[in-house]
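Topology and contacts: notes
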Amino acid sequence: MRASYACTEQGQWGADVGDGVGNKRRNRVGRALARALAVLTAASALALAGPGLERAEAAAPCAGRLAKSVSFVTGQLRVYQSGQQVCAVTLARSPGPRRSMSVSLQVRGRHPETDSGLFTRQAGPVTVRPRGRCVKATGSVAGTSRSTGWILC
């Protein structure tokens, strides 16, 4: 059997394999090649755009959806939820010199998971698996702190 690769009317690349009777069927390898070509084309376009291309927003520090956000004068506490996992991070309002920052995430009835120290941009992320229990997050930047209270119950 002989395979030939061609673009269909819908603009998709695929391999057509003849079965000797004139009927042709699309091959999985052809579709995989088409997807790889599309990814490479998109990556090339981004690489050529270079430093002039502005990013809309930095990547999230935790996986999942944003469940709670608490803003305060010197920063912001963010809590994310993804399946059975909860993640928290404290972000400085304006990144700069090292300053005291911390983030704490506690499952009700357990000891808190904490990340603290002198940071320029963020403290955390810290993650827990609450298994159906409430969680409380606390974040601080340069002596100012805020908490979410018990959430995700």
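Being a predicted model, the structure only gives us computed values, none of them experimental.

**A few points about the layout of surface pockets**
A volume near 170 Å³ is recorded for the largest pocket. For the lining of the largest pocket, the elements supplying multiple residues, two or more each, are β5 (75-82) and β6 (85-92). For the lining of the largest pocket, the element with the highest residue contribution is β5, accounting for three residues.

**Some thoughts on the sheet that holds strand β9 (residues 122-128)**
Spatial ordering of the open sheet is given by β4-β5-β6-β9, a layout of four strands whose pairing is antiparallel. Each edge of the open sheet is held by one strand with a lone partner, namely β4 (65-72) and β9. Across the sheet, the mean angle from the axis of one strand to that of its neighbour is 15°, orientation sign disregarded. Here β6 pairs with β9 via five bridges, running antiparallel. Paired with threonine 90 across the two strands is alanine 123, which belongs to β9.

**Details of the sheet that holds strand β7 (residues 99-107)**
The four strands lie next to each other as β8-β7-β10-β11, forming an open sheet whose pairing is antiparallel. Lying at the two open borders of the sheet, with one neighbouring strand each, are β8 (113-119) and β11 (144-147). Taken over all neighbouring pairs, the strand axes of this sheet differ in orientation by 10° on average, direction set aside. Two elements, β7 and β8, share seven bridges in a ladder whose sense is antiparallel. Its bridge partner being in β8, valine 103 is matched across the sheet by aspartate 115.

**Some thoughts on the environment of proline 95**
If you trace the backbone, proline 95 turns up in the loop between β6 and β7. C-alpha separation for the pair proline 95 and glutamine 122, spaced 27 residues apart in sequence, amounts to 8.3 Å. Once you skip the residues sitting within four places of it in the chain, proline 95 turns out to touch Thr120 and Arg121.

**Here we look at the packing of aromatic side chains**
Across all of its chains, the model carries zero aromatic pairs by this definition. Sitting over the ring of tryptophan 150, arginine 108 keeps its end group 4.4 Å from the ring centre.

**A look at the state of the cysteines**
Two cysteines joined by a covalent bond between their sulfur atoms form a disulfide. Here the structure, examined in full by the defined rule, presents two disulfides. Note that cysteine 62 is cross-linked by a disulfide to cysteine 87, the S-S spacing being 1.9 Å. The chirality of the disulfide connecting cysteine 62 with cysteine 87 is left-handed, given an S-S dihedral of about -50°. Here cysteine 87 lies in strand β6 and cysteine 62 lies in the loop between α1 (28-49) and β4, a separation of 25 residues in the sequence. On the basis of relative accessibility, which here comes to 7%, the residue cysteine 62 falls in the buried class.

Scoring rules and cut-offs
- Residues numbered from 1 in each chain as written.
- Predicted model: local features only at pLDDT ≥ 70, side-chain atom pairs only at ≥ 80, totals over all residues.
- Heavy atoms only, no water.
- 1 Å grid on protein atoms, 1.4 Å probe; cavity = no way out; pocket = protein on both sides within 12 Å on 5 of 7 lines; lining within 4 Å.
- Points joined across faces, edges and corners; volume = space filled by probe spheres on them.
- Helix = DSSP H or I, 4+ residues; strand = E, 2+ residues; numbered from the N terminus.
- Pairing = 2+ DSSP bridges.
- Axes fitted to C-alpha atoms, helices over the stretch in contact; angles between N-to-C directions.
- Contact = heavy atoms within 4.5 Å.
- Phe/Tyr/Trp six-rings, centres within 6.5 Å; stacked < 30°, edge-to-face > 60°.
- Lys NZ or Arg CZ within 6 Å of the ring centre and 35° of its normal.
- Disulfide = S-S within 2.5 Å.
- Buried < 20%, exposed > 50% of the residue type's maximum accessible area, 1.4 Å probe, protein only.

Take it as geometry only, folks, not as evidence of what the structure does.
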